[in-house]
Amino acid sequence: MGLPRNRGKNQQKNLSQSIVKKKNNVTTLSQPIPSTSTNISYINEKSQNFSTDSMIFEEDNRFINNLIRYFFALDREKQIVNKTRIIKNVFDNQGKHFSRIMKKAKDLLSKIFGYQLIELEGNKYMLVNEIKNELPHIYPCATESSQQVLLFIVLTHIFMQEESCTEESLWDFLTNLDISCLDNHYHPYFGNVKYLINELFVAQKYLDKTILEQNDSIKIEFKWGPRAEYEFSRREALNFVSEIYNRRPLNSWPLQFKILLAREKLNKSH
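Residues numbered from 1 in each chain as written. Predicted model: local features only at pLDDT ≥ 70, side-chain atom pairs only at ≥ 80, totals over all residues. Heavy atoms only, no water.

Looking at an unreviewed UniProt entry, the chain carries the name Melanoma-associated antigen G1, with the source organism given as Apis cerana cerana.

(A) Expanded view of the pattern of salt bridges. In total, this model carries 15 salt bridges according to the counting rule given. A salt bridge links Asp 75 to Arg 227; the shortest N-O distance between them is 3.9 Å. Of this pair, Asp 75 sits in helix 2 (residues 37-75) while Arg 227 sits in helix 8 (residues 226-231), and the two are 152 residues apart along the sequence. A salt bridge links Arg 234 to Glu 163; its shortest N-O distance comes to 3.1 Å. (Salt bridge = Lys/Arg side-chain N within 4 Å of Asp/Glu carboxyl O. Helix = DSSP H or I, 4+ residues; strand = E, 2+ residues; numbered from the N terminus.)

(B) Representation of the packing of helix 6 (residues 167-176) against helix 7 (residues 193-203) in the model. Orientation of helix 6 relative to helix 7, taken along the N-to-C sense of each, is 150°, at an axis distance of 12 Å. Regarding helix 6 and helix 7, the two cross each other, and that crossing is right-handed. Residues Glu 167, Leu 170, Trp 171 and Leu 174 of helix 6 form the contact with helix 7, whose own contacting residues are Val 193, Lys 194, Ile 197 and Asn 198. Of the residues that constitute the contact of helix 6 with helix 7, the class distribution is 5 nonpolar, 1 polar and 2 charged. (Axes fitted to C-alpha atoms, helices over the stretch in contact; angles between N-to-C directions. Left-handed = near helix turned anticlockwise from the far one by under 90°. Contact = heavy atoms within 4.5 Å. Nonpolar A, V, L, I, M, F, W, Y, C, P; charged D, E, K, R; others polar.)

(C) Summary view of the environment of Leu 67. On the secondary structure map, Leu 67 appears in helix 2. A relative accessible area of 0% places Leu 67 in the buried class. As for Leu 67 and Val 90, which are separated by 23 residues in sequence, their C-alpha atoms are 6.0 Å apart. Those residues in contact with Leu 67, other than ones at most four positions away along the chain, are Ile 86, Val 90, Phe 91, Ile 101, Met 102 and Ala 105. (Buried < 20%, exposed > 50% of the residue type's maximum accessible area, 1.4 Å probe, protein only.)

(D) A look at the nonpolar core. Counting residues in hydrophobic clusters, the biggest one holds 37 residues, and the most contacted among them are Leu 174 and Ile 197. The leading source of residues in this core is helix 5 (residues 146-160), at 10 residues. Among all residues touching Ile 197, those that are not within four sequence positions of it are Val 154, Leu 170, Trp 171, Leu 174, Val 202, Leu 207 and Phe 222. (Core = buried A, V, L, I, M, F, W, Y, C linked by side-chain atoms within 4.5 Å.)

(E) Structural view of the sheet that holds strand 4 (residues 165-166). In spatial order, the strands read 4-8-7; together these 3 strands make up an open sheet with antiparallel pairing. Every other strand in the sheet has two partners, leaving strand 4 and strand 7 (207-214) as the edge strands with one partner each. The sheet contact formed by strand 7 and strand 8 (residues 217-224) spans 8 bridges and is antiparallel. Following the sheet pairing, Leu 212 is matched in strand 8 by Lys 219. (Pairing = 2+ DSSP bridges.)

(F) Region of interest: the sheet that holds strand 2 (residues 115-120). The sheet built from 3 strands is open, its strands ordered 1-3-2 with antiparallel pairing. The open sheet is flanked by strand 1 (81-82) and strand 2, the only strands paired with a single partner. Pairing between strand 2 and strand 3 (residues 124-129): 6 bridges, direction antiparallel. By the bridge assignment for strand 3, Leu 120 is matched with Lys 124. Of the strands in this sheet, strand 2 and strand 3 are in contact with helix 4 (residues 98-113), which crosses strand 2 at around 140°.

This is the structure in structure tokens:
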């Protein structure tokens, strides 16, 4: 029996299709190789970002360290500083860093050093000790300076005078304690008392001094300043008075006791 005439043609056709398929499945050098340029660009970008982040971190640390040192230097004299001076002396006149660095420095000052950074009116700042001054500071064996002793006495008098006292009342009170308040007079322990009260304690924000003009006369009043509110305690002041009066109960001064309770409640809410 003879073969069909078209069998050879069909075999050739199948062979040709098979060859074409194999050729199509072969990867030749002329075909494009998958590109790695995208991966390399990504790595370079990540490297650049890491380098930038590292530079920002180092710069922030430098500003934070300089700022903390700056505040401690000012605190030696209990100085108040405004925002403009901080930007000039710490931030190289680069105000864009101010808010971020101040926040970080404030956290470190509180958590590590026990100081609170307080913002006052007019973009002014001060550093206060979070450990309040207490009654033992006024004893002869205390290590606190004579200025702190005088300050405690003055603040106690102001508190007992219902949170405000006139200059005349304060001078009379101190004179009765044999603490002279005459101009340019130096007390053997406290020094120039009038200067300390009228100028230094006011500049340090321990005292608020208000000058009032009434009927062609000038009246000067003293109150606790913002630094005193943070560093001193009304309860300790009243405890001191209680000791002087043979440990009378604190509530035997009803007005002062009410004031200190209100202040303590306010402080707890902050």
